[in-house]
Amino acid sequence: MNTTRHRLVQVVTYTLVIIWVVFTITPLYWLLSSTFKPTLEAIGYPPTLVPKNPTLGNFKLLFTAARFNFKSYGTSMVISLGAMCINLTVATSAGYGLSRIKFKGKNIVMTTILLFQMVPVLATLIPLYQTFSRLGLYNTRLGLMLIYATQTAPMNTWLLKGYFDTIPYAIEEAAQIDGLSRIQTLFRIAMPIAAPGLSASAIFAFFRAWNEYMIAMTMTSTVRPYTVELYRFIGEQGDVDWSLLGTAAFVAILPIFVLFSFFQKYFIIGMSGGAIKS
Amino acid sequence: MHPLAPRRRGCSLLEQVSAMKFKLQKQQKETVRGYLFVLPVVALLFFFSFYPLLRTVYLSFFKVNLASINRMSFIGWKNYESLFTRPTPAFFSQILTATFLYVFGSVAGQIGFGFIVAYLLQQKFIKGREIFRALIILPWVVSGIIIAISWRFMYEPRLGVLNYVLTLLGAQSLPTWLNDERLVMACLIVANIWHGMAFSFIIQTSGLHSISEDIIEAAMVDGASAFQRLTLITLPLMRPFLVLNLILTSMATVNSFDLIYAMTNGGPLFRTEVISVHMYHRAFDFGHLGEGSAVATIILLLNLVLTIFYMRINRGQEQGGEL
Amino acid sequence: MKICKLLTVLIVILIIGSVLSAAGAKEKQAESKDVTLTIYARAYTFAQDAPWVQAKAELQRRHPDINFNFIEEGFGWADMRTKFLTASAGGSPPDVMMTDIIWLGEFVDNGLLTDLSDRVAKWSEWNDVVPAYRDATYWNGKVYGTWINTDVRVLVWNKDMFRAAGLDPNRPPQDWDELKSMAARLTKAPQQYGFGFPATLEDESVMKFFINLYSIGGQILTDDNKQAAFNSPEGVEALEALIDLVKAGSTPTSIVSGKASDIDNGVFQGKFAMASMTKAYGLAKDLIPGLTVDSYLNRFGVAPIPRAPNGVPSTMAGGYLLSVPSGSKQKDLAWELITIAAGADLQFEYTAARGYVPTFTSLMARGTDYAEVDPYFSVILDQLPSATFRPAIPEWTEISAEIQNAVQACVLGRYTPAQALQIAEAAVNKILAQ
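Residues numbered from 1 in each chain as written. Chains lettered and ligands numbered in written order. Predicted model: local features only at pLDDT ≥ 70, side-chain atom pairs only at ≥ 80, totals over all residues.

Asks: Requested: an account of the overall build of chain A, with residues and values cited.
Replies: Looking only at helices and strands, one finds 13 helices and zero strands in chain A. Going from the N terminus to the C terminus, chain A shows its helices and strands as α-α-α-α-α-α-α-α-α-α-α-α-α. What you see for chain A is a C-alpha radius of gyration of 23 Å, clearly larger than the 19 Å of a compact globule of 278 residues, by over 25%. Expressed as lengths along the three principal axes of its C-alpha atoms, the size of chain A is roughly 75 × 70 × 35 Å. (Helix = DSSP H or I, 4+ residues; strand = E, 2+ residues; numbered from the N terminus. Rg over C-alpha atoms; globule rule 2.2 N^0.38 Å.)

Okay, structure coming up:
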């Protein structure tokens, strides 16, 4: 009796979870499966679950079609990597300083920095646009990199500080006795130990920049990240070519998929602000 | 012994004073160094977060147009006046209502399902937890624009999956989903729940992790049923996480823009014109940067209220309040 | 440890790489031999030969010593205006801007366009422009662009659907009453509807209302453009003619979503039996690959838009100018490109291929040439005398938005036409008073 009830509970639990997972997968599956369908099938009726005539032709079309600018992926890649580098540099420096160096007002600084994580970028959009215009940063990759780097800077600083905090002082003192400067200590000793935190911060910063579209849309005209290109695509056409769109989305998700499957752990670390470390 | 006599063998007063001076200097050096390390992040935040924030409020009192961006004229509260008195879209009855519905529906769904799925996956007998987790987080790592596209495809009246399934089930009149005034908000909320549930899921999972095994076992020994364990022990212990989740998700939803802009752009007939989308429309589609800033300032106020709640909760936690 | 070294090396490389690419991100002109010209235009203009492909080639031919780099940005209609404004304000406007005639006042009053009066005076083809159209390019006494095309709206109907409904495929409705009854007969909801018109928040949506308005003797604004004039008995009737179609079920309420172009496309895809639009032939060719002139004639018809019973024929005109933004750093070369792209030769190819109306006198005389490319060209040309332009005042975008709201609200049954127009009138007057 107990075991049958237990078995029932198991079945119900698994079923509910699986239902949710199916719900999660369906929209994505739908869009992405049109990647492998020829155009007529993709916009045809009734919609097919499994491509009847699977084809790789859409990739070629994506690359050559005048309507879709393939270079936009490159632009996004450059911007995301740049943002990631700036973010890492800044967050590592600050995280280390806040962790290891005793100075007056340290706690206030940390709290203030963290508070800024809550500022909605939406509310800063207009002045940023105005300032960028004046400074000549409008429609530049550097401009976007700076904004994206700022977005996750507080969170990553906090994250890295947490990791640096776990380094025992003894190691640091030993290094100092050995004659290493602060910066050298940072690079040779602290960073290797905080490697998971660094990876999480890097991945998090990258993926936030890669996916972003409101700022990209507002701050650019000829520089075009893929998110803006995608929006242009659905905005422009009356009848959307879903197979091309699906393919474009597929290519866009690819880096994230790859990062995600190998470094899923780091996404979660980043998402939970270091709360979940496994 | 004389107070000024040397304290350590072989250490003169001079040496001690210079030792103290050295320590002071070292501390000053440390302070400077500390601030140097923190400088880049602070500079970044100042120029790209703090200063723009102040300027938003400042701009809201001016008339600035996109077409003539260097001409600013002070007009006091007029921007707010226009905003509140405009008949369509009406600020209180349409914009705030849409925002409230969207936030309420999304947050309830995200936290509700987030908790349920986190709780289910937390059960000891679950195998393959990693895989489930990975799949559940998937919507969160995908760009808002791609999510908008996927769901638009699902909701497509003629070619979409939803209506196809409905025809299979024998439905006679097919809803037009995103084109239907009455259904559109619900459609958006569903898509948003789909998108954001992962975040709540993570928070709740870490919360459930933190509940010690012993308490649960003690309850089981005392004969508490699963339901009782859930309601009398787990949920109360989860309270700080749930509250944190509530506030963070509410803020994120108030500020969310991507999905709605790409799916309905505020329509049809302003049914989904939430405050973030409205700001964008006033500022960039109509070119009234001043008025857009006024809307942005209101968004800021909403955020501020939520942040104050958050800080109160945080302080309560640190002082050993709930846990 | 190895991973960390790798990470460090990677980061260093990436920092260097991103700095380099960020530096190169802004297009710089190394020497006067390298010239970059940025063009903002409707996306569909880049998808065919004329005008840009040929114009660019010709410009390059005239200046063999210059290495041109053309940046072409294609946009949707509303997007083009927004992007132009943000780019101009952001300090990086294009060199050539496709300016909708309706935006002229707004752009010029805000100092965004270059005064081309002197340049057009020296242009050999300027006198060839039809005088009425030449006059329309003036704003406050100066010229800011030259026409690449103008257009008028005509009724387009799907003859196959007419035949299937037992109607004479060569007899379109002449007035509002006939339109109503024929649309009802052609409706087989939800697969097909008798008549389509957009009710989205786009300028095209109010065009249909305006066409009716002028047909019945009303007008949009007072002659001095200082007050709204559309809230009149004529206005209410004009709007009611459209809303009645929705009430009768001949037009679906889904017209409030999507894009105006969905409606146009719908005629060629068997979704709507009739609609009014511009560039019919161009659309048909885009949507039906392999369409021949004969099958076009056989399957689709073009006629004047049904007028008010006892009203006058009426249609609305639009069109684009090619202008040089005031912030452009290549004004001379940009203007030269415009003279080629908007010159008579390329305009002929462009307008004939899309179903647009030319603006050169010499092209007006080439009716037979046009007819070879677009069989209904003479019908389109016949509409010119009854075409009206919208007032190109700076506040137009905002005013149009208020009227768009009104149309949409009526379609959704929120207000009656009388109510909606009253609200719009109040809003429009407020805008104009500022």
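There is more to say after this.
Asks: Can you tell me about the overall build of chain B, naming the residues and giving the values?
Replies: Summing up its helical and strand segments, chain B has 12 helices and two strands in all. Beginning at the N terminus, the succession of helices and strands in chain B can be written as α-β-β-α-α-α-α-α-α-α-α-α-α-α. Expressed along its principal axes, the backbone C-alpha trace of chain B runs to roughly 105 × 75 × 30 Å. Counting across all 323 residues of chain B, residues that qualify as buried make up 43%. Across chain B, the fraction of contacts at a sequence separation of at least 24, relative to all contacts at a separation of at least 6, is 68%. (Buried ≥ 20, exposed ≤ 12 C-beta atoms within 10 Å, placed from the backbone. Contact = placed C-beta atoms within 7 Å.)

Asks: Report on the interface of chain B and chain C, specifying residues and quantitative values.
Replies: The interface of chain B with chain C comprises 18 residues on the first partner and 19 residues on the second. Within the residue set of the side of chain B that touches chain C, elements represented by two or more residues are β2 (68-74) and α11 (275-285) of chain B. Class assignment for the residues of the side of chain B that touches chain C results in 10 nonpolar, six polar and two charged. (Nonpolar A, V, L, I, M, F, W, Y, C, P; charged D, E, K, R; others polar.)

Asks: Provide a residue-level description of the interface of chain B and chain A, including the pertinent values.
Replies: Put simply, an interface is often sized by how much accessible area is lost when its parts join up. Counting residues at the interface gives 70 residues for chain B, matched by 74 residues for chain A. Sorting elements by how many residues they give to the side of chain B that touches chain A places helix α1 (residues 13-59) of chain B first, with 18 residues. Its residues assigned to classes, the side of chain B that touches chain A comprises 49 nonpolar, 16 polar and five charged.

Asks: How would you sum up the environment of Leu59 of chain C? Please name residues and give values.
Replies: Residue and element names in this part refer to chain C. Mapped onto the elements, Leu59 comes out in helix α2 (residues 49-62). The class of Leu59 is buried, set by 22 C-beta atoms lying within 10 Å. Expressed as a C-alpha distance, the spacing of Leu59 and Ile340, which sit 281 residues apart in the sequence, is 7.7 Å. Aside from chain neighbours lying at most four places away, what touches Leu59 is Phe68, Glu336, Leu337 and Ile340.

Asks: Outline the sheet that holds strand β7 (residues 154-158) of chain C, supporting the account with residue identities and numerical values.
Replies: Residue and element names in this part refer to chain C. Overall, mixed pairing links the four strands, which are arranged β8-β9-β7-β10 in an open sheet. Looking at which strands have only one partner, the edges of the open sheet turn out to be β8 (193-196) and β10 (300-303). Averaged over all pairs of adjacent strands, the angle between their axes in this sheet comes to 15 degrees, without regard to strand direction. Inspection of the sheet shows β8 paired to strand β9 (residues 272-277) by three bridges, in the parallel sense. The residue of β9 that forms the bridge with Phe195 is Met274. (Pairing = 2+ DSSP bridges. Axes fitted to C-alpha atoms, helices over the stretch in contact; angles between N-to-C directions.)

Asks: Break down the confidence of the model for chain B for me, with residues and values.
Replies: Residue and element names in this part refer to chain B. Summary statistics for chain B give a mean pLDDT of 84 and a share of 94% for residues scoring 70 or more. At the level of individual helices and strands, chain B shows its lowest average pLDDT in helix α8 (residues 213-221), which scores 81, and its highest in helix α3 (residues 91-122), which scores 92. Interface confidence in the predicted complex, given as ipTM, is 0.83; pTM for the same model is 0.81. (pLDDT = per-residue confidence, 0-100.)

Asks: Explain α3 of chain B to me, using residue names and the numbers behind them.
Replies: Here α3 of chain B is 32 residues long and its end C-alpha atoms lie 44 Å apart, about the 46 Å a rise of 1.5 Å per residue gives. Largest kink in α3 of chain B: about 25 degrees, centred on Thr97 of chain B. (Expected span 1.5 Å × (residues − 1). Bend = angle between axes of the 7 residues up to and from the residue.)

Asks: Describe unusual backbone geometry, with residues and values.
Replies: Generally, phi is negative for residues other than glycine and the peptide bonds are trans, each holding for most cases. Within the chain, Asn140 of chain C stands out as a residue other than glycine whose phi angle is a positive 50 degrees. Given 9 C-beta atoms within 10 Å, Asn140 of chain C falls into the exposed group.

Asks: Before we move on, could you go through the packing of helix α4 (residues 71-100) of chain A against helix α10 (residues 195-211) of chain A and cite the residues and values that matter?
Replies: All names here are of chain A. Interaxial distance between α4 and α10 falls to 8 Å at its minimum, and their mutual angle equals 140 degrees. It follows that α4 is oblique to α10 by the angle criterion. When you trace α4 past α10, the crossing you get is right-handed. Residues Ser76, Ile79, Ser80, Leu81, Ala83, Met84, Asn87, Leu88 and Ala91 of α4 form the contact with α10, whose participating residues are Leu198, Ser201, Ala202, Ala205, Phe206, Ala209 and Trp210. (Parallel < 35°, antiparallel > 145°, perpendicular 65-115°, else oblique. Left-handed = near helix turned anticlockwise from the far one by under 90°.)

Asks: Can you tell me about α10 of chain A, naming the residues and giving the values?
Replies: An ideal rise of 1.5 Å per residue puts 24 Å on 17 residues; α10 of chain A measures up with 24 Å between its terminal C-alpha atoms. With 14 of 17 residues buried, α10 of chain A is to be regarded as a mostly interior element.

Asks: Describe the packing of α2 of chain C against helix α14 (residues 331-341) of chain C, and please don't skip the residues or the numbers.
Replies: Residue and element names in this part refer to chain C. Where α2 contacts α14, the two axes come as close as 9 Å, and the packing angle between them is 125 degrees. Here α14 runs oblique to α2, going by the angle between their axes. In this structure, the crossing between α2 and α14 has a hand that is right-handed. Facing Pro51, Trp52, Ala55, Glu58 and Leu59 of α2, the residues of α14 in contact are Glu336, Leu337, Ile340 and Ala341. Partitioned by chemical class, the residues of the contact of α2 with α14 number seven nonpolar, no polar and two charged.

Asks: Describe the nonpolar core, listing the residues and the values that go with them.
Replies: The biggest cluster of nonpolar side chains holds 294 residues, and the ones touching the most others in it are Ala149 and Ala249 of chain A, Ile299 of chain B together with Val156, Phe195, Leu337 and Ala341 of chain C. Tallying contributions element by element places helix α13 (residues 242-271) of chain A first for this core, with 14 residues. Composition of this core by domain shows at least three residues from each of domain 1 (37-151 + 318-388) and domain 2 (154-317 + 391-433) of chain C. Leave out the neighbours within four places in its chain, and Ala149 of chain A touches Ala83, Ile86, Asn87, Val90 and Ala205 of chain A together with Leu44 of chain B. (Core = buried A, V, L, I, M, F, W, Y, C linked by C-beta atoms within 7 Å. Domains from an automatic or database assignment.)

Asks: Can you break down the confidence of the model for chain A residue by residue, with the values?
Replies: Mean pLDDT over chain A: 82, with 92% of residues reaching 70 or higher. The secondary-structure element of chain A with the lowest mean pLDDT is helix α2 (residues 39-42) of chain A, recorded at 70, while α4 of chain A shows the highest, at 91.

Asks: How would you sum up the pairing of strand β3 (residues 96-100) of chain C? Please name residues and give values.
Replies: Residues and elements named next belong to chain C. Summarising burial for β3: five of the five residues are buried, a large majority. Residues Val96, Met98 and Asp100 point to one face of β3 and Met97 and Thr99 to the other, with burial holding for every one of them. For β3 and strand β11 (residues 315-323), the ladder comprises four bridges, and the chain directions are antiparallel. Its bridge partner lying in β11, Met97 is registered against Ser323.

Asks: Tell me about the environment of Leu167 of chain C, and name the residues and values.
Replies: All names here are of chain C. Inspection of the secondary structure assignment puts Leu167 in the loop between α7 (159-164) and α8 (176-186). When the C-alpha positions of Leu167 and Ala273 are compared, they lie 11 Å apart, and in sequence the two are 106 residues distant. Aside from chain neighbours lying at most four places away, what touches Leu167 is Phe162, Met182 and Arg185.

Asks: Give me the lowdown on the environment of Phe286 of chain B, citing residues and values where you can.
Replies: Within the fold, Phe286 of chain B resides in the loop between α11 and α12 (289-318). You can call Phe286 of chain B partly exposed: it has 17 C-beta atoms within 10 Å. Residues in contact with Phe286 of chain B, not counting those within four places in the same chain, are His281 of chain B together with Glu398 of chain C.

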